[in-house]
Amino acid sequence: MYINFSDIPGHQNLFLDYLHEFTNVEKFYKWNFREQNKYEELFKRLVEFDRPHRLELSEAIKEQYVEIKTSKQTLTNIESLKSPNTIAVITGQQLGLFGGPLYTIYKSFTAIKLANYLKEKFEGYHFVPIFWLEGDDHDFEEVRSINLVNNFNQIFNVKYEDGELEEINRGNIGNLKFNEGINRLFPLLASELRDTEYKNDLIELLKSFYQPGKSFLESFKELMIKIFDEYGLIVFNPMTPRIKKLLTNIFLKEITSYKDHTGILVERSAELEELYHAQVKVKAINLFYLDDNERLLIEPVENEYRLKGKRKRFTLEELTSLINTTPEKFSPNVLLRPICQDYLFPTGFYVGGPSEISYFAQVTPLYKIYGLIEPVIYPRSSATILEKGVQAILDKYKLKFSDIFLTEDQLFTKVIMSDSGSDLNTVFNEALLKIKDSLEPINEKLISIDKTLSDITIKSREKIEQTIEFMKSKAIEAEKRKHEATTRQLGKVRNVLYPNNELQERELNFIYFANKYGMDIFKWIYSELAINKFEHQILEL
């Protein structure tokens, strides 16, 4: 079963038009992902593109795997990067605790399945799936916690606390090491998750990856390799000095030529704001510097450069010297990261979600400035896992899947009131209409006496409406208490399928399903996930 994204709350028009009305957005993107007849044109350009660091990149990635037990398929893919006929299918994500939300899994499988599909369809090329570890990011809040559903079908949050002040700059998340706080999370998982045959082994597996002294990047990478290595996915670390050295030309150009592109990016963003929205706020320079373990934006000031929020300044000569000698201290922001990615790799496809598709509309002017080839932006698969028990509840109350997008009260009202024949919404809405009709002749009479008296009617009506809404909410609460079992079951449905009023893939972590069905759940997801529908898929388990 599939649901159109336009029927799901919260999706931006830019993303919807990219999927279904590409002519509306074609000025912002080089390639229409649906036009497979043009893919080979892109492949030929990538093959002919001069990439002198090709061998060094392959060897640098091989070095990242030197102490890791690696599948033959992954090793073959790493080696194949030396060939000019190899095309990269890339995706990536921030280093969320325990793998982050489920969409990280779906992104990865989309890249893997797309690479496999392209291998079959286009002879003479080798397609390699790559996961870019976004460890240069410094947003601790975004990666420190996950949501799960406990044995009582309630959402609970698992949050890593490092004991530091919330507001401090922790530098690049990839380098941030866990302290003893990570060990406090496993007893929480043990107590909250339901007891299953897989629970103990799952928690022990997570403990083997997430330990005090290990970094966010190390732990996330080990988990990703555990899940995806058998499929040949290259889990790539862009933070090593060897990789950053390959990016010195990009960093130097960003520092010396920022005036050439800032105006163009501002213009593009303004155009997007007029028609849709600009995903990212444009900065003068799209580069950060690591200073005393703080990741700080580089800003131009007069004829020099400074670190945002600091007094420290650099001349152009000092900054270029630092880039040449310690490139690992520099990192791109969200707009420059795709440029770094597609400079390093022969990227044919970037697999992204709604937000990434939106910010690529801002990024595309940079490709011409940096002399690079734009990839196809391929929408990642999007899915909700629907278990039999949850489906049974939907069937019991004659609910469609789309009903979960109703508010909790609306869903309750739909089920209880339709069943009892007493629709509270209708009763209260009719009462409000009658009150409005009754007040209208009074308002007209008051206006005929004194126009300023109209305000009295308006304020009185607002007070009455507030009273009616209060009475309605109290009535619904009373009905919920009366139908406690039904309320509980509907709560379970929403917590699993639409937790915190968001799609399941954006809120829940894989642990919830792996605990119930084992790690083989990934093989099932791989076999069931469609990569060519471009709608939200319901995976019936």
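Here, the structure is the one placed above.
Residues numbered from 1 in each chain as written. Predicted model: local features only at pLDDT ≥ 70, side-chain atom pairs only at ≥ 80, totals over all residues. Heavy atoms only, no water.

S.K.: Run through the packing of aromatic side chains, naming residues and quoting values.
M.R.: Following the criterion strictly, the structure yields 43 aromatic pairs and no others. Three or more aromatic residues joined by ring pairs form one cluster here, namely Tyr 18, Phe 22, Tyr 29, Phe 33, Tyr 39, Phe 43, Phe 122, Tyr 125, Phe 127, Phe 349, Tyr 378 and Phe 534. A cation over an aromatic ring shows up here: Lys 221 above the ring of Tyr 65, its NZ or CZ 5.3 Å from the ring centre. Over the ring of Phe 288 we find Arg 295; its NZ or CZ atom is 3.9 Å from the centre of that ring. (Phe/Tyr/Trp six-rings, centres within 6.5 Å; stacked < 30°, edge-to-face > 60°. Lys NZ or Arg CZ within 6 Å of the ring centre and 35° of its normal.)

S.K.: Account for the pairing of strand E12 (residues 347-352), naming residues and giving values.
M.R.: Here E12 lies mainly inside the structure; six of its six residues are buried. As defined by bridge partners, strand E2 (residues 86-94) adjoins E12 across three bridges and the pair is classed as parallel. Bridging across to E12, Ala 88 finds its partner in Thr 347. As judged from the four bridges shared by E12 and strand E13 (residues 376-379), these two strands associate in the parallel manner. Across the sheet, residue Phe 349 finds its bridge partner in E13, namely Val 376. Viewed along the sheet, the connection from E12 through helix H15 (residues 354-370) into E13 turns out right-handed. (Buried < 20%, exposed > 50% of the residue type's maximum accessible area, 1.4 Å probe, protein only. Helix = DSSP H or I, 4+ residues; strand = E, 2+ residues; numbered from the N terminus. Pairing = 2+ DSSP bridges. Right-handed = clockwise from strand over helix to strand, strands pointing away.)

S.K.: Explain the pattern of salt bridges to me, and be specific about the residues and the numbers.
M.R.: Scanning the entire structure with this criterion turns up 30 salt bridges. Arg 144 is the salt-bridge partner of Glu 161, the closest N and O atoms lying 2.7 Å from each other. On the criterion of sequence distance, the pair formed by Glu 161 in the loop between strand E5 (155-159) and helix H7 (185-192) and Arg 144 in the loop between helix H6 (140-143) and strand E4 (145-149) is long-range, its members being 17 residues apart. Judged by its relative accessible area of 36%, Glu 161 is partly exposed. Residue Arg 144 is classed as buried on the basis of its relative accessible area of 1%. Here Lys 207 makes a salt bridge to Glu 204, at a shortest N to O gap of 3.5 Å. Placement of both Lys 207 and Glu 204 in helix H8 (residues 199-209) is noted, with a separation of three residues, approximately one turn of the helix. We classify Lys 207 as partly exposed; its relative accessible area is 33%. What makes Glu 204 partly exposed here is its relative accessible area of 47%. Within the structure, one salt-bridge network assembled from shared partners comprises Glu 141, Arg 144, Lys 159, Glu 161 and Glu 166. (Salt bridge = Lys/Arg side-chain N within 4 Å of Asp/Glu carboxyl O.)

S.K.: Lay out the packing of helix H16 (residues 388-396) against helix H20 (residues 484-497) in plain terms, naming residues and giving numbers.
M.R.: Close contact between H16 and H20 brings their axes to 10 Å; oriented N to C, the two are set at 130 degrees. Classed by the angle they form, the pair H16 and H20 counts as oblique. Along this stretch, H16 crosses H20, giving a crossing that reads as left-handed. From H16, Val 390, Ile 393, Leu 394 and Lys 396 reach across to H20, where they touch Gln 489, Lys 492, Val 493, Val 496 and Leu 497. Here the residues of the contact of H16 with H20 sort into six nonpolar, one polar and two charged. (Axes fitted to C-alpha atoms, helices over the stretch in contact; angles between N-to-C directions. Parallel < 35°, antiparallel > 145°, perpendicular 65-115°, else oblique. Left-handed = near helix turned anticlockwise from the far one by under 90°. Contact = heavy atoms within 4.5 Å. Nonpolar A, V, L, I, M, F, W, Y, C, P; charged D, E, K, R; others polar.)

S.K.: Outline the nonpolar core, supporting the account with residue identities and numerical values.
M.R.: Residues Tyr 29, Phe 98 and Phe 345 are the most contacted members of the largest nonpolar core, which totals 168 residues. Setting aside residues up to four positions removed in sequence, Tyr 29 forms contacts with Leu 14, Tyr 18, Phe 22, Ile 357, Ser 358, Phe 360, Ala 361, Thr 364, Glu 374 and Ile 377. (Core = buried A, V, L, I, M, F, W, Y, C linked by side-chain atoms within 4.5 Å.)

S.K.: Go over the sheet that holds strand E14 (residues 382-386), please, and point to the residues and values.
M.R.: The strands that make up a sheet are held in pairs by hydrogen bonds between backbone atoms, and each pair lies either parallel or antiparallel. The strand order across the open sheet formed by three strands is E1-E15-E14, and the pairing between neighbours is mixed. The sheet is open, and its two borders are formed by strand E1 (2-3) and E14, each paired with just one other strand. For E1 and strand E15 (residues 536-540), the ladder comprises two bridges, and the chain directions are antiparallel. Across the sheet, residue Ile 3 finds its bridge partner in E15, namely His 536.

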